[in-house]
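One letter stands for each residue in the lines below.
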Amino acid sequence: MLVDGYGRNVNYLRISVTERCNFRCQYCMPEKPFSWVPRENLLSFEDLFLFIKVGIDEGINKIRITGGEPLLRADLDTFIKMISDYRSDIDLALTTNGFLLKQCAQKLKDAGLKRVNISLDSLKPEIAMKIAQKDVFKHVMAGIDEAQRVGLGVKINTVPLKGINSGEVLDLLEFAKSRGMSIRFIEYMENKHAKDKLQGLKAEEIQAIIAQKYPFKAVGRVGSSPAHLFELEDGYRFGIIDPHKHDFCEDCNRIRLTAEGMLIPCLYFDEAMSIKESVQKGDIQGATEVLKTVLKNKPEKNKWSEDNENETSERAFYETGG
Ligand code: SAM
Ligand code: SF4
């Protein structure tokens, strides 16, 4: 079992397999970075997998593949199969913008992927285009259709931004519900790579919008999930991820690995340690030591939860995978 310096059980590893992306979402990567990490600096799937085995043997039982856009990395299904063949009971999920999902959902499912979170910020093609800065809507919808058709569990992730898609909270909730998918509204997390002057809806504002049409009750957080769950009268559950709340980090159970092999204890902070040298030498003991040191140094909480409107993370979401 992996336990951090605050006694929290860490069992969840999020792996960003690339920082590259085919979207330019205003809240994440509004412009192409000055330079991408050179491809030769990326860890191979074999190297990532060595670390994954170390993590699983130490107590990781939940893995999410993310990015950048993870479907841009060639042969992702092979990587998923490596993990799934090692331990088929791992809760293995993917977060994607959905643009390329239509072509590969079946392959990913066959490789052992169980669940997929698809980012969908609008049901209006022109608003989706405004946020992603690309005409994405019909491709994302086709990705959602295909993921459901092949039998993957599908969740929708939405970041409601004031004055952009904040008027669509109910429509998006109703869309997800009508398709048997759960939806999680994510508070916009201020970071210095996002477009200036963006403002996200806070949890209370999202709840107030939904309450105008649907009575609901709070269910709380389930397990170590970052989402607060709410239940409509007919039993449908939606979630709100609210990193600005003081208790957000209390049960944090996750660490993050970047495509270059940096192991990150907290999404907010810059601190990280590299596993690259150990995994490239096949040094399992060295990789285990890095993992344990990162856990020991995991911060107690992020700074978005401090009552400071201007709190901004230096970290790029497209590097850490959100
Ligand atoms: N490209 C994939 C996607 O968009 O789903 C995976 C990577 S993306 C960084 C993972 C999640 O982080 C997405 O659901 C996205 O909406 C969310 N995200 C990115 N930047 C964010 C921000 N500044 N605040 C809140 N959520 C953010
Ligand atoms: Fe790309 Fe996802 Fe970031 Fe949008 S949120 S720019 S799709 S990595």
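Computed from a predicted model, the values in this text were never measured in an experiment.

A. Quick peek at the site of ligand 1. Surrounding ligand 1, one finds 20 residues, the nearest of these being Y27, G68, S119, N157 and M189. S119 places a polar side-chain atom, nitrogen or oxygen, 2.6 Å from an oxygen atom of ligand 1. Coverage of ligand 1 by the protein amounts to 95% of the 540 Å² it exposes when considered alone. Broken down by class, the residue content of the shell around ligand 1 amounts to 7 nonpolar, 11 polar and 2 charged.

B. Spatial organisation of the site of ligand 2. Within the structure, ligand 2 sits among C21, F23, C25, Y27, C28, M29, G68 and N97. Taken together, the residues of the shell around ligand 2 break down into 6 nonpolar, 2 polar and no charged.

C. Structural context of the packing of helix α1 (residues 45-58) against helix α9 (residues 284-296). Where α1 meets α9, the closest approach of the two axes is 10 Å, and the angle between their N-to-C directions is 65°. Crossing of α1 against α9: the hand is right-handed. From α1, L50, F51, V54, G55 and E58 reach across to α9, where they touch I284, A287, T288, L291 and K292.

D. A look at the side chain of D121. Turning to its location among the elements, D121 is positioned in the loop between β4 (115-119) and α4 (125-132). Within the buried core, D121 has no salt-bridge partner, and the shortest N-O distance to an opposite charge, that of R184, equals 12 Å. Engagement of the side chain of D121 in a polar contact is seen with the backbone nitrogen of V159, the distance being 2.9 Å. What D121 contacts, discounting residues up to four positions off in sequence, is Y27, I131, N157, T158, V159, N165, E168 and L172.

E. Up close: the pattern of salt bridges. Under the definition given, this model contains 14 salt bridges. R179 is the salt-bridge partner of D145, the closest N and O atoms lying 2.7 Å from each other. Highlighted residues: D145 in helix α5 (residues 137-149) and R179 in the loop between α6 (169-178) and β6 (182-186), separated in sequence by 34 residues. The class for D145 is partly exposed, based on a relative accessible area of 40%.

F. Just the nonpolar core, in detail. The biggest cluster of nonpolar side chains holds 102 residues, and the ones touching the most others in it are L13, I63, L76, F79, F238 and L263. Here this core takes 8 residues from α1, the largest share from any one element. Aside from chain neighbours lying at most four places away, what touches L263 is L13, F51, I255, R256, L257, A272, M273, I275, V290, L291 and V294.

Reading the values: the criteria
- Residues numbered from 1 in each chain as written.
- Chains lettered and ligands numbered in written order.
- Predicted model: local features only at pLDDT ≥ 70, side-chain atom pairs only at ≥ 80, totals over all residues.
- Heavy atoms only, no water.
- Near = heavy atom within 4 Å.
- Polar contact = N/O pair within 3.5 Å; in protein donor to acceptor, adjacent residues only side chain to side chain.
- Areas by Shrake-Rupley, 256 points an atom, 1.4 Å probe, with all protein chains shown as cover.
- Nonpolar A, V, L, I, M, F, W, Y, C, P; charged D, E, K, R; others polar.
- Axes fitted to C-alpha atoms, helices over the stretch in contact; angles between N-to-C directions.
- Helix = DSSP H or I, 4+ residues; strand = E, 2+ residues; numbered from the N terminus.
- Left-handed = near helix turned anticlockwise from the far one by under 90°.
- Contact = heavy atoms within 4.5 Å.
- Buried < 20%, exposed > 50% of the residue type's maximum accessible area, 1.4 Å probe, protein only.
- Lys, Arg positive; Asp, Glu negative; His and termini not counted.
- Salt bridge = Lys/Arg side-chain N within 4 Å of Asp/Glu carboxyl O.
- Core = buried A, V, L, I, M, F, W, Y, C linked by side-chain atoms within 4.5 Å.

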